[in-house]
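Summary of structural features
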Amino acid sequence: MEVRLGELHSWISTCSFSPQGLLAAVQRAWGSYCAKYIHVKQGGPAGISMLLAGYCLLSYGWNYQHLKQHRWRKYH
Amino acid sequence: MNLSFFDQFSSPSLLGIPLILISMTFPALLLPSMDNRWITNRLSTLQLWFINLVTKQLMSPLYKKGHKWALIQTSLMFFLLLINLLGLLPYTFTPTTQLSINLALAFPLWLATLLTGLRNQPSASLWHLLPEGTPTPRIPALILIETTSLLIRPQALRVRLSANLTAGHLLIQLISTATMPLSTTMPAVSLLSLLLLFLLTILQEAEAIIQAYVFVLLLSLYLQENI
């Protein structure tokens, strides 16, 4: 899926934002990620490492309201 | 709001959605399903090899009737293994530190082994309550003790899992809290505590694997008694 920057507006208007459309988009994205990094004959650690790094970032974001109070603590 | 060392074990939620849902479903993403290709990828080959190894280890002591439990035991093993190992990454949440999750895993499976035994061979299941060679006056007390030990098995399973993981995480947090200020005041001591932290992390990695294995192994032993 190659979309030029100038064509972005017209491309977005063709996307379906219904639940089925979003689900299909997620499935396509996951399938293309797997096809590129995981279902490869000689895959490396990159595929799984990116997933784990993304999971760490997601957990950090989820906990941010709690973690930001650590900055102002005098004693940890 | 109290910020204490136990805050890492409270279930985090954002806009009312708890992280625990993602923490428990994320391991499924790490186990890729088979693609419609002839040649498998490295990840699937490694995982299949490991799954075969674990299944053979768990199922070899069981009779043939127990092999019906192979799927649930292997999937439980990998579920616990991945959840425990993922909890060692920074900022992540470990669902198995919660006693509630462990009870939900331990109690139904233990009850299933117990009911299987009581249904298929009720007298043999009751014989297990009395060890061989017991002197006659001690029989009533021993039956009570063995019944208690039978009924306490799910509690033991859950507390063992949560306590081991919680203790490891807490130790890591405590020692890292000590290492950080020491690095500015007494660098030599902080190097020692850094070494300790490194060793603890290795221990906790091993602990994560071992606890998953012990949980499933004990369940398979309870199954073997009853099947």
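Keep in mind that what you see is a predicted model, and the values were worked out from it rather than measured.

Residues with a pLDDT of 70 or more make up 96% of chain A, whose mean pLDDT is 84. Summarising per-element confidence for chain A, the mean pLDDT is lowest in helix H1 (residues 8-14) of chain A (81) and highest in helix H3 (residues 46-62) of chain A (92).

Once that is clear, we can look at the pattern of salt bridges. Scanning all chains against the criterion turns up 1 salt bridge over all chains. For A:Glu7, the salt bridge identified is with A:Arg4, shortest N-O distance 3.5 Å.

This paragraph deals with the UniProt feature "transmembrane region" (unreviewed entry) in chain A. The UniProt entry lists residues 46-64 of chain A under the feature "transmembrane region" (unreviewed entry), expressed in the numbering used here. A helix fraction of 95% and a strand fraction of 0% characterise residues 46-64 of chain A, whose end C-alpha atoms lie 26 Å from each other.

Bringing the domain arrangement of chain A into the picture now. Residues and elements named next belong to chain A. Examined at the domain level, chain A breaks down into domain 1 (7-39) and domain 2 (42-71). Of note, the centres of domain 1 and domain 2, computed from C-alpha atoms alone, are 23 Å apart. Approximately 370 Å² of surface area, both sides summed, lies buried where domain 1 meets domain 2, with 74% of it carried by carbon and sulfur atoms. One can count 0 salt bridges joining domain 1 with domain 2. Joining domain 1 to domain 2, the criterion identifies 1 residue pair in polar contact (both at pLDDT 80 or more). Of the residues contributing to the side of domain 1 that touches domain 2, the split by class is 4 nonpolar, no polar and no charged.

Further remarks concern the UniProt feature "transmembrane region" (unreviewed entry) in chain B. Residue and element names in this part refer to chain B. The UniProt entry lists residues 12-32, 69-93, 99-118, 182-202 and 208-224 under the feature "transmembrane region" (unreviewed entry), expressed in the numbering used here. Within the segment residues 12-32, helix and strand shares are 52% and 19% respectively, and the terminal C-alpha atoms sit 27 Å apart. The span residues 208-224 shows a helical share of 100% and a strand share of 0%, and its end C-alpha atoms are spaced 25 Å apart.

Turning to the nonpolar core, a few remarks are in order. With 34 residues, the main nonpolar core has B:Leu76, B:Leu80, B:Leu157, B:Phe215 and B:Leu219 as its most contacted residues. Secondary structure elements with two or more residues in this core: helix H2 (42-59), helix H3 (70-86), helix H4 (99-120), helix H7 (153-185) and helix H8 (187-226) of chain B. Looking at this core, the element that brings in the most residues is H8(B), giving 7 residues. Beyond its immediate sequence surroundings of up to four residues, B:Phe215 is in contact with B:Leu76, B:Leu80, B:Asn102, B:Leu105, B:Ala106, B:Leu157 and B:Leu161. Listed in part, the 10 residues of the second largest apolar core include A:Ile38, A:Tyr55, B:Leu30 and B:Leu43.

The next thing to look at is the interface of chain B and chain A. Taken together, the 30 residues of chain B in the interface contact 22 residues of chain A. When the two sides are added together, the surface that chain B and chain A hide from each other amounts to roughly 2600 Å², 72% of it contributed by carbon and sulfur. Linking chain B with chain A are 0 salt bridges, by the criterion used here. Taken together, the links from chain B to chain A amount to 4 residue pairs in polar contact (both at pLDDT 80 or more). Looking at the side of chain B that touches chain A, the elements that each hand over two or more residues are strand E1 (13-14), strand E2 (17-18), helix H1 (20-30) and H2 of chain B. Taken together, the residues that form the side of chain B that touches chain A break down as 20 nonpolar, 6 polar and 4 charged.

The next point concerns the state of the cysteines. Residue and element names in this part refer to chain A. Scanning all chains against the criterion turns up 0 disulfides over all chains. With no disulfide of its own, cysteine 34 lies 19 Å from the sulfur of cysteine 56, the closest cysteine sulfur. With relative accessibility at 14%, the residue cysteine 56 sits in the buried group.

Right, let's talk about a nonpolar patch on the surface for a bit. Together, A:Val3, A:Leu5, A:Leu8, A:Trp11, A:Ile12, A:Phe17 and A:Leu22 line one region of the surface with nonpolar side chains, adding up to about 680 Å² of accessible area. As for its position among the elements, A:Val3 is in the segment before H1.

What follows covers the environment of B:Ser11. Residues and elements named next belong to chain B. Tracing the backbone shows serine 11 in the segment before E1. A relative accessible area of 38% places serine 11 in the partly exposed class. Taking the C-alpha atoms as reference, serine 11 lies 8.2 Å from proline 95; in sequence the two are 84 residues apart. Setting aside anything within four residues of it in sequence, one finds serine 11 in contact with Pro18, Ile20 and Phe93.

As a further point, take unusual backbone geometry. Residues and elements named next belong to chain B. Residue tyrosine 91 is not a glycine yet carries a positive backbone phi of 70°. For tyrosine 91, the position within the fold is in the loop between H3 and H4. Residue tyrosine 91 is classed as partly exposed on the basis of its relative accessible area, which comes to 42%.

Scoring rules and cut-offs
Residues numbered from 1 in each chain as written. Chains lettered and ligands numbered in written order. Predicted model: local features only at pLDDT ≥ 70, side-chain atom pairs only at ≥ 80, totals over all residues. Heavy atoms only, no water. pLDDT = per-residue confidence, 0-100. Helix = DSSP H or I, 4+ residues; strand = E, 2+ residues; numbered from the N terminus. Salt bridge = Lys/Arg side-chain N within 4 Å of Asp/Glu carboxyl O. UniProt positions renumbered as here; feature names shortened; annotations may be inferred. Domains from an automatic or database assignment. Buried area = accessible area lost by both parts, 1.4 Å probe. Polar contact = N/O pair within 3.5 Å; in protein donor to acceptor, adjacent residues only side chain to side chain. Nonpolar A, V, L, I, M, F, W, Y, C, P; charged D, E, K, R; others polar. Core = buried A, V, L, I, M, F, W, Y, C linked by side-chain atoms within 4.5 Å. Buried < 20%, exposed > 50% of the residue type's maximum accessible area, 1.4 Å probe, protein only. Contact = heavy atoms within 4.5 Å. Disulfide = S-S within 2.5 Å. Patch = residues over 30% accessible without salt bridge, like charges linked within 9 Å, V, L, I, M, F, W, Y side chains within 5 Å. Areas by Shrake-Rupley, 256 points an atom, 1.4 Å probe, with all protein chains shown as cover.

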